[in-house]
Amino acid sequence: MNIFNLHNGTKDESAVIVGASLSGLMTGIALAREGLHVTIVDKVGEEGRTGAGLRVDGGEFDDSKTAKYLRNLVSGGKSSIQLWSSIESRLRKEAMSDPRIELRYNTRVQTVEQDNAAAWIVTDTGETIRGDILIGADGHYSMVRRHVAPHKPNAIFAGYMVWISSMSEEDLPEKYRPRYNHPPVTMLDSSNGFLFGSVIDREDGSSDSGGRRIGCTWYDNSRNDLLRRLGCIEGDVVVHSLSGPDIPEQTLTELAGQATVKWPEPWSSVMRHAVRTRNIIGIPIKEYVPDNLVRGRIGLVGDAAHVPAPVTASGFNESLQDAAVLGTCVSKGIDDNKAIKALQKYESLRLNRVRQMVQSGQFFSQTFRD
């Protein structure tokens, strides 16, 4: 939907993005860099969010200017494991400083629609927000995906889960704290699972010892019955994760015992601390191989578009590439039918790539759960 610009008498081309997490913010920034007026909406509040550690790389290997810009923005110019909240904070600050981007929190989407001239959302308050294009960046449980791919709306349970926990290194005995030059990721293997141990940079992006977090990501294929019994999985669809307070006491006791036997320090201490404090979450792994990324004036990016197994370590990188490529595709304008052509171009450049990425993870999932 074109917006009349009173300053110069022109019409601004516009986009609506559903979802203000990492993918939505990166996409909004990429589109605004191409001159679009962008409205990003999210159902959650504006307060800071939390998340686990995320591996990010510097932008020196990206082809496009937008991809390099985004990667340097999220990475601070270096390769490391960083807190999700630190990355989100940098992206949010950038979005809020751009006059072409409007961030609207506490805005719950009820319906998604389009016609020949525009695409729009209707909120739970009855407000309609229109754009020339509408982008779903609303994650694994994407509502927008149901409009783009009604024949295939859900991500599917991959057949195993991951336990995620972390703690401040200052809460570890000094003898167990990683050295300042410790590798950011350590992979450990054992029967019925494996673990990625991570040393996560401080909030300020520094990797100096002191104030870092020590994270554990424990892949577990032995508790699918527990997930189904507690309603986390229904059929082949993931309904919800398993938070610490809801984990049965017997399961916590088993996890603590297994961590002691399976994992060396500091990872064993991290898992036992997480169990003791119930600061642990069990996430059923989901996968989604897309058949399409667009429908008319509506497109998908990030986890709304493709959900790989985390072991691929590709989800965030491909979400960034979604944003950058979409920005390139709209660079020649999206007025009238150009919007549909721009999204078709985006799909032609991204669909096979992200399908192959998810499928590579599915091969692992098959071998891991067998």
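One structure accompanies this document, and this report is about it. If you're wondering where the values come from, they're calculated on a predicted model, not measured in any experiment.

Moving on, we get to helix α1 (residues 22-33). End to end, α1 covers 17 Å across twelve residues, agreeing with the expected 16 Å (1.5 Å per residue, within 8%). Burial runs high along α1: eleven of the twelve residues are buried. Leu-22, Ser-23, Gly-24, Leu-25, Met-26, Thr-27, Gly-28, Ile-29, Ala-30, Leu-31 and Ala-32 are the residues of α1 that are buried. Of the residues trailing α1, Gly-35 is marked for its positive phi of about 95°.

The next point concerns helix α3 (residues 84-97). Under the 1.5 Å per step criterion, the end-to-end length of α3 is 20 Å for 14 residues, consistent within 8% with the ideal 20 Å. Taken residue by residue, α3 has Trp-84, Ser-85, Ser-86, Ile-87, Glu-88, Leu-91, Arg-92 and Ala-95 as its buried positions.

By size, the foremost hydrophobic cluster in this structure holds 65 residues, and its most contacted members are Leu-31, Leu-91, Ile-121, Ile-133 and Leu-134. No other element matches the eight residues that helix α9 (residues 338-369) contributes to this core. Apart from residues no more than four positions distant in its own chain, Leu-31 is found in contact with Ala-15, Ile-17, Leu-36, Val-38, Ile-133, Leu-326, Gly-327 and Val-330. Among the nonpolar cores identified, the runner-up in size contains 28 residues, and Phe-157, Val-199, Leu-242 and Trp-267 belong to it.

Moving on: the pairing of strand β15 (residues 213-220). The buried count for β15 comes to six of eight residues, which makes it a mostly enclosed element. Pairing geometry for strand β12 (residues 156-168) and β15, over eight bridges, is antiparallel. Bridge assignment links Met-167 to a residue of β15, and that residue is Ile-214. The pairing of strand β14 (residues 193-200) with β15 spans eight bridges and is classified as antiparallel. Note that in β15 the partner of Phe-194 across the bridge is Tyr-219.

Basis of the calculations
Residues numbered from 1 in each chain as written. Predicted model: local features only at pLDDT ≥ 70, side-chain atom pairs only at ≥ 80, totals over all residues. Heavy atoms only, no water. Helix = DSSP H or I, 4+ residues; strand = E, 2+ residues; numbered from the N terminus. Expected span 1.5 Å × (residues − 1). Buried < 20%, exposed > 50% of the residue type's maximum accessible area, 1.4 Å probe, protein only. Core = buried A, V, L, I, M, F, W, Y, C linked by side-chain atoms within 4.5 Å. Contact = heavy atoms within 4.5 Å. Pairing = 2+ DSSP bridges.

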